[in-house]
Amino acid sequence: MPLLGVFNDLLFGLGVALTPVNMTIVIVGLILGTAIGVLPGLGGTNGVALLLPLTFTLQPTSAIILLASVYWGAIFGGAITSILFNIPGEPWSVATTFDGHPLAKQGKPGVALTAAFTSSFIGALVAIILFTFFAPPLAELALRFGPPENFAVLFLAFATFAGLGGGSPTKTILMTLLGLLLSTVGFDIITGQPRMNFGLVSLQSGVNFIVIAIGLFGLGEIFLTVEEGLRLEGIRARLGFRDVWETWKLFPRYTATIIRSTILGFWVGVLPGTGATPASFMSYGLAKQFSKHPERFGQGEVEGVIAPETAAHAAGIGALLPMVTLGIPGSPTAAVMLAGFFIWGLNPGPLLFQTQRDFVWGLIGSMYIANVIGVIMVLTLVPVFAAINRIPFGILAPLIVIMSSIGAYATNNQILDLWFMLGSGVAGYLFKKLGYPLAPLVVALVLGDMTEQALRQSLIMGQGSLAIFVTRPITAGFLAAGLFLFLLPALRALRRRGRAPRPAESEA
Amino acid sequence: MRRAETLMALALVVGAGVLLREALRLSVRWTSAGPGAGFFPFWLTLGVVACAVLVWLQSLRAPATPEGAAPFIPAGAWKSLLAVFLPMVAILAAISYLGIYLGGAVYLAGYMWLVGRHRWQLIVAVSALVPLTLFFIFERWFLLPLPMGVILEYFLYGR
C-alpha cells in the first residue's frame, strides 16, 4: 500500500513540474546551469548562490525547481570544458579530464562527450528512482528524531568531511569549527540574548551565509584563476548522430561500472557534507582498480569518462535527499539551496513531506523531467555551449564580480555585506592556496544553529550528563559511525606507515 | 609558502582569541536553563586554537620541498591580482554615489581597457549593455531594488 502512495505522489509531482511555468523554469535553469558549468571560475555552488535572490519573487516550488535545474545543468556542463579544453569547468569534473581530454585529442571528442552525457543521465535517472523511494520512509523515520538523534546525524555530517574529504583532516576540522563559530554571531537561539557581535548592531542579524559563500567560492575562485592566468585552448566538437549511436553501442559492456558508480555516487552524495566531487574521484579510482586494463586509464579509456560522470550526477541527486528529508545539505550546493528554504519561508525538515506536498513532490517530479530535457539539450547544443568559453577572460572576470556583488547585496539589502563578500573572497583565496577546504566551513555555517540547538537541548534532556548520547540506540549508532570516520585518516596513515612507502597510492 | 602557513595559523589563533573574549562575556557554564549562551562558542574557539596549533606543528614537520620554498604568491601574479582587487575596493568605497549599475559599468570598462586590452567599440558596447540588461532584470521584472547611487537616482527620479 505505501508503494502505491509513492506512485500517487510521484504522479502528482510530475503534474506540478509539467505546468507551463515550471517547464519554462526547468529549461531556463538548465541553460543557465550548463553555461555556469562550462565556465571555469564560475561554479555550481556560486551559480546557485547568485541566482538565489532572483527566486525571492517566485513561488517556493518554482524557486527550488529553478535552483535544482541549475545544479543539474552545471553537472552536465562541467564535462564539456573538461573534455574539450582539459580544464575542469567544475571541481566534480576534474576526474573527467583524465580520460576525456585524451579521447578528444585522439580525434574522438564526440565519443567522450556522448559517453559523459549519457552516463550522467543514467546515473541521475537511477539515483532519482532511488531518491523517490528512499525519501518518504527516511522522512518518516526522521520525524521520530529527538535532539540527540539530530545532533548525532549532524556529527556524522561533519565527520564525513574529515574522513572522506581528502586533504589535511586537521584543516578540515578547523574549517568546520570555524564555520560553526561564525554561525554563533548574532543572537543566541535559545535564550534570545545578543552575542558575539562586538556590540555592533549590524552584526546582530548574524553572518550572512550567502554572502560568505559567494565571497569564498565566487571571488576566491576569480582571484585564483587570475593568478594562474587562464588560457583556454579547446578542441572543436560537433556531435553527429553517428557519434552518439556508436558510443551508445559501447555502453552495454560497461554495465558493471555504471551500476557500481551509480550506487557509490548516490551513497556518497547522501552522506551529509560530501557531494559530487569526492564521489567522482572515488568512482574513477574504483573503476581503475576493477578494470582488466588499468594501464589504459589516463590514455583515453571510455570507462574513465563513464565512471566519474555517472557517480557525479548520482551524487548530485543524492545530496538533495538529506536536504529534503532531514534539513541537512548533502553538498555545498545543497547548503546554498537550504539557505533558500528559510528565505522562502519554509522550515526544512521531515515535516515538509506532510505540509508542503507540492514543494517536495514538485521538486522530485522536476528531477525526472529536467534530466531528460538536460541530456537532449547538451547532446544537441554542445557547440553552442563550448563557444561560451570563447568569451575573453577580460570580460568574464569583471562580469562575475558584478554578478557576485548583486547576489551578495540582494539577500539582505546591506552595503556592508559587499565588504564582507570582498573580505571572504580574499580569505577564500588564501585558504584555498594553503589547502584549507572551503566546503566544510560553508556547510557548518548553515548547520551551526541547528547543531548548537540539538547539542544544548540534548544536554538539557540529559541534565548535563553525556550519557544521553550513548543510551539511545540510533544516536549511539550514528555517533559511533561518525567517530570511525573521524579516526579514518589516522587509521589510514598508520596502515601506510606499516607498509613500504608507496607514493601517490590513493591519488587517482 | 611555509611562512604563509605560519602566518595563517597565527591569524586563526588571534581571530579565535578575539571571539573567545566575546564568548567569555556570556555564561559558558551550566545555568538554570541548561548550557549558557557562551557555552557553544567557547568550546569552538578552543577547538579552533587547538587545530591551528596542530596545523602549524604539522607544517614545521613537513619535509622541505621546492614548492615549500617558493613564494606564496608568484612574483608575476601580483599585478593581475591587484588589477581585479583594487578597482573593487575603489568602486565599493564610492558605491553610495555610483550604485551597482554605474559602478558595474565603470568596473567593466576599466577592466576591459586596462587588462583585457579590447577595442574601444567593444568596451563601450559591453559596459553599456550589461548594466542595462541587469537594470531591466532586477529593477523592472523582478522588482528587487539594488543600490542605484545618488547620480542615477537624480537622473531617473529627480531625487
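Examining the overall build of chain B
Across its full length, chain B holds seven helices and two strands. Since a compact globule built from 159 residues should have a radius of gyration of about 15 Å, the 24 Å found for chain B marks it as more spread out than a globular shape. Dimensions of chain B along its principal axes, counting C-alpha atoms only, are 60 × 55 × 25 Å. The proportion of buried residues among the 159 residues of chain B is 40%. Sequence separation of at least 24 residues holds for 55% of the intrachain contacts in chain B that already meet a minimum separation of 6.

Some details on the overall build of chain A
Of the regular secondary structure elements, chain A holds 22 helices and two strands. Taken along the three principal axes of its C-alpha coordinates, chain A extends 65 × 55 × 50 Å. Looking at chain A as a whole, 61% of its 508 residues qualify as buried. Put simply, of all contacts in chain A between residues at least 6 apart along the chain, 79% involve residues at least 24 apart. A total accessible area of about 18900 Å² is found for chain A, and carbon and sulfur atoms account for 66% of it. Here chain A holds 27 positive side-chain charges and 22 negative ones, and the gap between their average locations is 8 Å.

A short note on helix H5 (residues 94-105) of chain A
Residues and elements named next belong to chain A. Under the 1.5 Å per step criterion, the end-to-end length of H5 is 17 Å for 12 residues, consistent within 8% with the ideal 16 Å. Counting buried positions along H5 yields nine of 12 residues, so the element is predominantly enclosed. All buried positions along H5 are accounted for by Ala-95, Thr-96, Thr-97, Asp-99, Gly-100, His-101, Pro-102, Leu-103 and Ala-104.

What to know about the packing of helix H6 (residues 109-143) of chain A against helix H17 (residues 357-388) of chain A
Residue and element names in this part refer to chain A. For the pair H6 and H17, the least separation of the axes is 10 Å and the interaxial angle reads 175 degrees. The orientation of H6 relative to H17 falls into the category roughly antiparallel. In contact with Leu-113, Thr-114, Phe-117, Phe-121, Ala-124, Leu-125, Ile-128, Ile-129, Phe-131, Thr-132 and Pro-136 of H6, H17 contributes Trp-361, Ile-364, Met-367, Tyr-368, Asn-371, Val-372, Val-375, Val-378, Leu-379 and Val-382. Across the contact of H6 with H17, the residue classes break down as 18 nonpolar, three polar and no charged.

A few points about the nonpolar core
All names here are of chain A. Membership of the largest hydrophobic core comes to 209 residues, with the highest contact counts inside it found for Trp-72, Phe-117, Phe-131 and Phe-209. When residues of this core are assigned to their parent elements, the largest contribution, 17 residues, is made by helix H4 (residues 60-85). Residues within four places of Phe-209 in sequence aside, it is in contact with Ala-335, Val-336, Ala-339, Val-442, Leu-445 and Val-446.

A look at the interface of chain B and chain A
With 61 residues of chain B in contact, the opposing surface of chain A contributes 63 residues. Regarding the contact of chain B and chain A, the summed buried area is about 5400 Å², with carbon and sulfur atoms giving 85% of it. On the surface where chain B and chain A come into contact, there are one salt bridge. Counting across the interface, chain B meets chain A through four residue pairs in polar contact (both at pLDDT 80 or more). Only helix H1 (2-24), strand S2 (34-35), helix H2 (39-61), helix H4 (77-93), helix H5 (95-116) and helix H6 (120-141) of chain B provide two or more residues apiece to the side of chain B that touches chain A. Ranked by the residues each element gives to the side of chain B that touches chain A, the list is headed by H2 of chain B, at 12 residues.

Things to note about a nonpolar patch on the surface
On the surface, Phe-198 and Leu-200 of chain A together with Leu-7, Leu-10, Val-14 and Val-18 of chain B cluster together into a nonpolar patch covering about 550 Å² of accessible area. Checked against the element boundaries, Phe-198 of chain A lands in the loop between strand S2 (194-195) and helix H9 (209-228). According to the relative accessible area criterion, Phe-198 of chain A is partly exposed, its value standing at 38%.

Focus on the packing of aromatic side chains
All chains considered together, the criterion is met by 23 aromatic pairs over all chains. Ring centres of Phe-135 of chain B and Phe-136 of chain B lie 5.8 Å apart, and the angle between their planes is 90 degrees; this geometry places the pair in the edge-to-face category. Note on Phe-136 of chain B: relative accessible area 38%, which makes it partly exposed. Taken together, the ring pairs connect Phe-98, Phe-281, Tyr-284 and Phe-297 of chain A into an aromatic cluster.

Observations regarding the side chain of Glu-301 of chain A
All names here are of chain A. On the secondary structure map, Glu-301 appears in the loop between helix H12 (276-290) and helix H13 (302-318). When its relative accessible area of 11% is taken as the criterion, Glu-301 is described as buried. Ignoring sequence-local partners within four residues, the contact set of Glu-301 consists of Asp-99, Leu-103, Tyr-254 and Arg-296.

Examining the pattern of salt bridges
Applying the stated criterion to the full structure yields 12 salt bridges over all chains. Through salt bridges with shared partners, a single network forms among Asp-188, Arg-195, Glu-452 and Arg-456 of chain A.

With respect to the environment of Leu-57 of chain B
Residue and element names in this part refer to chain B. In this fold, Leu-57 is placed in helix H2. For Leu-57, a relative accessible area of 41% puts it in the partly exposed group. Once the C-alpha coordinates of Leu-57 and Arg-119 are considered, the two residues, 62 residues apart in sequence, prove to be 52 Å apart.

With respect to the confidence of the model for chain B
A low pLDDT means the predicted coordinates there should not be read in detail. Residue and element names in this part refer to chain B. Here chain B shows a mean pLDDT of 83. Residues at 70 or above account for 96%. Within chain B, H2 carries the highest mean pLDDT (89), whereas helix H3 (residues 66-69) carries the lowest (66). Here the predicted complex scores 0.82 on pTM and 0.88 on ipTM.

Some thoughts on the environment of Ala-142 of chain A
Residues and elements named next belong to chain A. Secondary-structure assignment places Ala-142 in helix H6. By relative accessible area, Ala-142 is classed as buried at 7%. The sequence separation of Ala-142 and Ile-65 amounts to 77 residues, and the corresponding C-alpha distance is 24 Å. Among all residues touching Ala-142, those that are not within four sequence positions of it are Thr-325, Leu-326 and Pro-350.

Digging into the side chain of Glu-303 of chain A
Mapped onto the fold, Glu-303 of chain A is located in helix H13. Setting aside chain neighbours within four positions, we find Glu-303 of chain A in contact with Tyr-254, Thr-257, Ala-287, Ser-291, Phe-297 and Pro-308 of chain A.

A closer look at the packing of helix H8 (residues 169-183) of chain A against helix H20 (residues 439-461) of chain A
All names here are of chain A. Packing of H8 against H20 brings their axes to within 7 Å, and their N-to-C directions diverge by 45 degrees. Viewed along their axes, H8 and H20 adopt a mutual orientation that is oblique. Crossing geometry of H8 relative to H20 is assigned as right-handed. Contacts between H8 and H20 involve Thr-172, Met-175, Thr-176, Leu-178, Gly-179, Leu-180, Leu-182 and Ser-183 from the first element and Pro-440, Leu-441, Ala-444, Leu-445, Gly-448, Asp-449 and Thr-451 from the second. For the contact of H8 with H20, the class distribution of residues is eight nonpolar, six polar and one charged.

Concerning the environment of Ala-105 of chain B
Residues and elements named next belong to chain B. Checked against the element boundaries, Ala-105 lands in helix H5. A sequence separation of 86 residues divides Ala-105 from Leu-19, and the C-alpha atoms of the two residues are 39 Å apart. Setting aside residues up to four positions removed in sequence, Ala-105 forms contacts with Ser-127 and Pro-131.

Some points on H4 of chain A
Residues and elements named next belong to chain A. Between its first and last C-alpha atoms H4 spans 37 Å; for 26 residues at 1.5 Å apiece the expected length is 38 Å, and the two agree. The element H4 is extensively covered by neighbouring structure, given that 25 of its 26 residues are classed as buried. After H4 finishes, the residue Asn-86 shows a positive phi value of roughly 60 degrees.

Thresholds, definitions, all that
- Residues numbered from 1 in each chain as written.
- Chains lettered and ligands numbered in written order.
- Predicted model: local features only at pLDDT ≥ 70, side-chain atom pairs only at ≥ 80, totals over all residues.
- Heavy atoms only, no water.
- Helix = DSSP H or I, 4+ residues; strand = E, 2+ residues; numbered from the N terminus.
- Rg over C-alpha atoms; globule rule 2.2 N^0.38 Å.
- Buried < 20%, exposed > 50% of the residue type's maximum accessible area, 1.4 Å probe, protein only.
- Contact = heavy atoms within 4.5 Å.
- Areas by Shrake-Rupley, 256 points an atom, 1.4 Å probe, with all protein chains shown as cover.
- Lys, Arg positive; Asp, Glu negative; His and termini not counted.
- Charge placed at Lys NZ, Arg CZ, Asp CG, Glu CD.
- Expected span 1.5 Å × (residues − 1).
- Axes fitted to C-alpha atoms, helices over the stretch in contact; angles between N-to-C directions.
- Parallel < 35°, antiparallel > 145°, perpendicular 65-115°, else oblique.
- Nonpolar A, V, L, I, M, F, W, Y, C, P; charged D, E, K, R; others polar.
- Core = buried A, V, L, I, M, F, W, Y, C linked by side-chain atoms within 4.5 Å.
- Buried area = accessible area lost by both parts, 1.4 Å probe.
- Salt bridge = Lys/Arg side-chain N within 4 Å of Asp/Glu carboxyl O.
- Polar contact = N/O pair within 3.5 Å; in protein donor to acceptor, adjacent residues only side chain to side chain.
- Patch = residues over 30% accessible without salt bridge, like charges linked within 9 Å, V, L, I, M, F, W, Y side chains within 5 Å.
- Phe/Tyr/Trp six-rings, centres within 6.5 Å; stacked < 30°, edge-to-face > 60°.
- pLDDT = per-residue confidence, 0-100.
- Left-handed = near helix turned anticlockwise from the far one by under 90°.

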